[in-house]
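# Results of the structural survey
Spelled out from the first residue to the last, the chains are:
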Amino acid sequence: MILGGHNSIKGGLHNAAIEAASIGGETMQIFCKSQRQWKAKPIEPEQAALFREEVARAGLERVMVHDSYLINMGTPDDAKRENAYQAFATELERCEALGAAYLNFHPGSHTHPSKPMRDDKAEREACLDRIAACMTRALDDFPDGKTMLVIENAAGQGTNVGSTWAEVGYLADAVGDERRVGVCVDTQHAWAAGYDWVDDYDAVWDDFDGQVGLRRLVAFHLNDSKQPLGARVDRHDNIPTGHLGEAFWRTLMTDGRFSGAAGYLETPLEDGDVGTYKRELAYLRALRDGTEAALPSLQAA
Ligand SMILES: [Zn+2]
Ligand SMILES: [Zn+2]
């Protein structure tokens with residue numbers, strides 16, 4: 001697996017690549033605009049060129065853009081969904097300008113206000129159908145697009161959909177285009193959604209392969225969990241000191257099926273400092289490469 005973190009675009013998009021290089025990233029994830037705003041100025045050609053230059057200098061492969069958390073293409077409200085789609089299309093346009101390999105997004109939520117409807121199958125599938133229609137529209141609106149739309153599994157908070165492999169597979173199948181649609185597995189979200197990586201690693205993957213297909217898996221969000229199995233709460237923890245723990249990370253890092261995938265840390269930064277990523281990347285790389293003996297202990301940290 002090629003490994004990186006989530007890097008900051010503060011002061012300019014290209015700064016993320018400089019930061020990625022400083023922590024030993026082999027790849028990186030970024031937001032390509034402010035997360036609190038719907039609108040963004042278009043990316044100027046010089047900005048894009050500078051970004052690509054720094055990405056090449058840092059030797060980063062497969063840059064992933066994470067879309068804005070404000071976007072919910074699953075909403076049943078037509079006007080809100082149109083806004084969400086327009087914002088998503090803007091993200092995709094920016095990804096294409098930057099040469100990003102992946103546009104990662106949380107599928108969305110059905111927003112039904114009645115609690116007993118939270119897990120209603122028809123309600124959830126109708127939501128997935130709306131998201132699939134938006135994804136199909138995006139692919140049609142960018143017919144020559146190179147950036148892959150990457151569905152991230154959800155932890156299952158609130159009325160979020162895409163928290164089971166069945167739902168992720170349903171969504172991917174509904175769009176169909178296997179060349180331009182992929183899947184990112186967030187290890188914390190899956191655990192919080194009830195997938196027991198720790199005691200049932202092989203069974204979880206067999207289930208994933210049946211419902212989604214390993215061929216669709218292109219990336220990971222590498223997060224340990226502050227929450228217990230099945231809590232349906234999205235709370236990332238540092239690696240390997242959360243509920244997932246070292247044995248899980250070793251198994252994942254040495255799983256040959258994922259040697260070609262990209263993995264991105266989204267773990268909490270101590271004092272906002274990317275030194276946390278640097279340590280965790282060194283740790284994961286050592287597990288991956290079998291050079292753990294040379295590692296300063298993270299367990300004690
Ligand atoms: Zn994630
Ligand atoms: Zn999360």
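Shown above is the structure to which this text applies.
This text gives an overview of the structure that appears in the document. Treat the numbers as computed from the prediction; the structure is a model and nothing was measured.

Our next topic: the overall build of the protein chain. Scanning the protein chain for helices and strands turns up 9 helices and 12 strands. For the protein chain, whose C-alpha radius of gyration is 18 Å, the value lies close to the compact-globule estimate of 19 Å for 301 residues. With the principal axes as the frame, the protein chain shows a C-alpha extent of 55 × 50 × 35 Å. For the protein chain, the proportion of its 301 residues judged to be buried stands at 51%. Residue pairs at least 24 apart in sequence account for 75% of intrachain contacts in the protein chain once pairs closer than 6 positions are excluded. Here the protein chain holds 31 positive side-chain charges and 47 negative ones, and the gap between their average locations is 4 Å.

Within the protein, the zinc ion (ligand 1) binds to Glu152 (OE), Asp186 (OD), His221 (ND1) and Glu266 (OE); these donor distances fall in the range 2.1 to 2.3 Å. In this structure, the zinc ion (ligand 1) is coordinated by 4 donor atoms arranged in irregular fashion, with angles at the metal of 85 to 171°. The sequence pattern formed by the donor residues of the zinc ion (ligand 1) is E-x33-D-x34-H-x44-E. Between the zinc ion (ligand 1) and the zinc ion (ligand 2) the interatomic distance amounts to 4.1 Å. You can see aspartate 186 sitting in strand S8 (residues 181–186) and its partner glutamate 266 sitting in the loop between strand S12 (262–265) and helix H9 (275–289), a full 80 residues away along the chain. For the pair formed by aspartate 186 and glutamate 266, the shared burial category is buried.

Let us now look at the coordination of the zinc ion (ligand 2). As a benchmark, a tetrahedral metal site with four donors has ideal angles of 109.5 degrees, while an octahedral site with six donors has ideal angles of 90 or 180 degrees. Around the zinc ion (ligand 2), the protein contributes the donor atoms His189 (NE2), Asp234 (OD), Asp234 (OD) and His236 (NE2), which lie 2.0 to 2.7 Å from the metal centre. Taken together, the 4 donor atoms coordinating the zinc ion (ligand 2) and their angles of 52 to 139° define a geometry best described as irregular. Taken in chain order, the donor set of the zinc ion (ligand 2) reads H-x44-D-x1-H. Owing to a relative accessible area of 16%, histidine 236 belongs among the buried residues under this scheme.

Before going further, it helps to examine a negative patch on the surface. Together, Asp199, Asp200, Asp202, Asp206 and Asp209 make up a region of like negative charge exposed at the surface. Relative to the helices and strands, aspartate 202 is located in helix H7 (residues 201–211). Its relative accessible area of 54% is what places aspartate 202 among the exposed residues.

Right, let's get into the state of the cysteines. As enumerated under the stated definition, the model contains 0 disulfides in all. The thiol of cysteine 95 is not disulfide-bonded; the next cysteine sulfur, from cysteine 32, is found 5.1 Å away.

Here we take up the packing of aromatic side chains. Scanning the model with the defined rule gives 15 aromatic pairs in all. An aromatic cluster of three or more residues is present, and its members are Trp165, Tyr195, Trp197, Tyr201, Trp205, Phe208, Phe220, Phe248, Trp249 and Phe258.

Okay, the sheet that holds strand S3 (residues 64–66) next. Spatially, 8 strands are ordered S1-S2-S3-S4-S6-S8-S9-S12 in a closed barrel, and the strand pairing comes out parallel. Adjacent strand axes in the sheet meet at a mean angle of 25° when their direction is disregarded. Pairing analysis gives 4 bridges linking strand S4 (residues 102–105) to strand S6 (residues 148–152), with the strands arranged parallel. From the neighbouring strand, leucine 103 faces S6, where its bridge partner is leucine 149. The strands touched by helix H4 (residues 121–141) within the sheet are S4, S6 and S8, with S6 carrying the most contacts at an inclination of about 160°.

Another point: helix H1 (residues 15–22). Listed in full, the buried residues belonging to H1 are Ala16, Ala17 and Ala20. Mapping the buried residues of H1 onto a view down its axis gives an arc of 100°, with all of them on the same face. For H1, the secondary structure elements touched by its buried residues are strand S2 (27–30) and helix H2 (45–58). A positive phi of about 80° marks glycine 24, the residue just after H1.

Any two side chains of opposite charge can pair, so long as their charged atoms come close to each other. Using the criterion set out here, one finds 18 salt bridges in the structure. With a closest N to O distance of 3.5 Å, lysine 226 and aspartate 237 form a salt bridge. Placement of lysine 226 in the loop between strand S10 (224–225) and strand S11 (236–237) and of aspartate 237 in strand S11 is noted, with a sequence separation of 11 residues between them. On the basis of relative accessibility, which here comes to 46%, the residue lysine 226 falls in the partly exposed class. Accessibility expressed as a relative area gives 12% for aspartate 237, which makes it buried. Note that arginine 279 is salt-bridged to glutamate 270, the shortest N-O span being 3.4 Å.

Definitions and cut-offs
- Residues numbered from 1 in each chain as written.
- Chains lettered and ligands numbered in written order.
- Predicted model: local features only at pLDDT ≥ 70, side-chain atom pairs only at ≥ 80, totals over all residues.
- Heavy atoms only, no water.
- Helix = DSSP H or I, 4+ residues; strand = E, 2+ residues; numbered from the N terminus.
- Rg over C-alpha atoms; globule rule 2.2 N^0.38 Å.
- Buried < 20%, exposed > 50% of the residue type's maximum accessible area, 1.4 Å probe, protein only.
- Contact = heavy atoms within 4.5 Å.
- Lys, Arg positive; Asp, Glu negative; His and termini not counted.
- Charge placed at Lys NZ, Arg CZ, Asp CG, Glu CD.
- Donors = N, O, S within 2.8 Å, 3.2 Å for Na, K, Ca; no water.
- Tetrahedral: all angles 85-135°; square planar, octahedral: opposite > 155°, others 65-115°.
- Patch = residues over 30% accessible without salt bridge, like charges linked within 9 Å, V, L, I, M, F, W, Y side chains within 5 Å.
- Areas by Shrake-Rupley, 256 points an atom, 1.4 Å probe, with all protein chains shown as cover.
- Salt bridge = Lys/Arg side-chain N within 4 Å of Asp/Glu carboxyl O.
- Disulfide = S-S within 2.5 Å.
- Phe/Tyr/Trp six-rings, centres within 6.5 Å; stacked < 30°, edge-to-face > 60°.
- Pairing = 2+ DSSP bridges.
- Axes fitted to C-alpha atoms, helices over the stretch in contact; angles between N-to-C directions.
- Arc of directions from axis to C-beta.

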